[in-house]
Amino acid sequence: GNDNTKNILDILDEYEIKATFFLIGNWIDDYPEQAKEIYKRGHEIGNHSNSHPDMGKISTDKIKKDINIGEGKIFNLIGSNSKLFRFPSGSYNGNAIKTAEEMGYYCIQWDVDSIDWKEEGEEKEYSRVMKKTKPGSIILFHSDSKYTPKTLPRIIKNLKDKGYKFVKVGELIYKDDYELDTNGRQIKK
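Notes on the structure in this doc start here. (Residues numbered from 1 in each chain as written. Predicted model: local features only at pLDDT ≥ 70, side-chain atom pairs only at ≥ 80, totals over all residues. Heavy atoms only, no water.)

Notes on the overall build of the chain
Point 1. Per the secondary structure count, the chain includes eight helices and eight strands.
Point 2. Here the C-alpha radius of gyration of the chain, 16 Å, is about what a compact globule of 189 residues would show, namely 16 Å.
Point 3. Counting only residues that meet the buried cut, the chain has 44% of its 189 residues in that class.
Point 4. Of the roughly 10100 Å² of accessible surface on the chain, a fraction of 47% belongs to carbon and sulfur atoms.
Point 5. With 31 positive and 31 negative side-chain charges, the chain shows a separation of 2 Å between the mean positions of the two kinds. (Helix = DSSP H or I, 4+ residues; strand = E, 2+ residues; numbered from the N terminus. Rg over C-alpha atoms; globule rule 2.2 N^0.38 Å. Buried < 20%, exposed > 50% of the residue type's maximum accessible area, 1.4 Å probe, protein only. Areas by Shrake-Rupley, 256 points an atom, 1.4 Å probe, with all protein chains shown as cover. Lys, Arg positive; Asp, Glu negative; His and termini not counted. Charge placed at Lys NZ, Arg CZ, Asp CG, Glu CD.)

As for the pattern of salt bridges
Point 1. Tallied over the full model, the rule gives 13 salt bridges.
Point 2. A salt bridge links lysine 57 to aspartate 54; its shortest N-O distance comes to 3.8 Å.
Point 3. Among the residues examined, lysine 57 registers a relative accessible area of 69% and is labelled exposed.
Point 4. Exposure remark for aspartate 54: the relative accessible area of 29% places this residue in the partly exposed category.
Point 5. Salt bridges here are not isolated pairs; linked through shared partners, they connect Lys6, Asp10, Asp13, Glu37, Lys40 and Arg41. (Salt bridge = Lys/Arg side-chain N within 4 Å of Asp/Glu carboxyl O.)

Considerations on the packing of aromatic side chains
Point 1. Tallied over the entire structure, the rule returns four aromatic pairs.
Point 2. Taken together, the ring pairs in this structure connect Phe85, Phe87, Tyr92 and Tyr105 into an aromatic cluster.
Point 3. For arginine 154, the ring lying beneath its charged end belongs to tyrosine 126, and the centroid distance is 3.6 Å. (Phe/Tyr/Trp six-rings, centres within 6.5 Å; stacked < 30°, edge-to-face > 60°. Lys NZ or Arg CZ within 6 Å of the ring centre and 35° of its normal.)

Some words on the side chain of glutamate 125
Point 1. Counting through the fold element by element, glutamate 125 comes out in helix H6 (residues 122–132).
Point 2. Notably, glutamate 125 is buried but unbridged: the nearest opposite-charge side chain belongs to arginine 128, and the N-O separation is 6.2 Å.

Details of the pairing of strand E1 (residues 20–23)
It is a general feature of regular strands that their side chains alternate between the two faces of the sheet.
Point 1. Along E1, one buried face is formed by Thr20 and Phe22 and the opposite face, lined by Phe21 and Leu23, is buried too.
Point 2. Across four bridges, E1 lies against strand E2 (residues 44–47) in parallel orientation. The residue of E2 that forms the bridge with phenylalanine 21 is isoleucine 45. (Pairing = 2+ DSSP bridges.)

Remarks on the side chain of threonine 133
Point 1. Examined against the element boundaries, threonine 133 turns out to sit in the loop between H6 and strand E6 (139–140).
Point 2. A polar contact of 2.6 Å, which involves the side chain of threonine 133, links it to the backbone oxygen of valine 129.
Point 3. Beyond its immediate stretch of four places on either side in the chain, threonine 133 contacts Val112, Ile139, Leu159 and Tyr164. (Polar contact = N/O pair within 3.5 Å; in protein donor to acceptor, adjacent residues only side chain to side chain. Contact = heavy atoms within 4.5 Å.)

Things to note about unusual backbone geometry
Point 1. For serine 49, which is not glycine, the phi dihedral falls at a positive 90°.
Point 2. With respect to the helices and strands, serine 49 occurs in the loop between E2 and helix H4 (60–78).
Point 3. Exposure remark for serine 49: the relative accessible area of 0% places this residue in the buried category.
Point 4. Not every positive phi belongs to a glycine, and glutamate 119 is a case in point at roughly 50°.
Point 5. Within the fold, glutamate 119 resides in the loop between strand E5 (112–113) and H6.

See below:
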């Protein structure tokens, strides 16, 4: 309900950054114009399931069904399939990874969580991200969080001043000869 997608897109445009948005199928249903705008502005779209289930606790068939329903909505939105999948709430197990990979997805986790959904304040969100970000980091934000539109410009500016470059996840990850460690990080084989 409290969606800041347009504000976030405007901030990313201002700083000439293209990001990756992992969309939930049910969110696409609720916010079709915002979903179209994300793609129209040149951002990468990843699959984040259809209904946001705990994929570490459901059957293989339910995992496949939920991912496929979400993917169908993404296909209808952008005219192609996503190759990236992020597990809802970051919850996964070996079966969930194997299932998503067999379906042709690269499984994506993050290593810096803004924890913006807790809405603990601008300073806390900013400090958390700045302390944890290192080269190769994937930073997690949500479009419905209260402080993200306020902290994002400051985070971007300060990380750029430190020499960081912002890229879409698909440009950052290994595509071949890797495995996921227990923290969801890609490790080159």
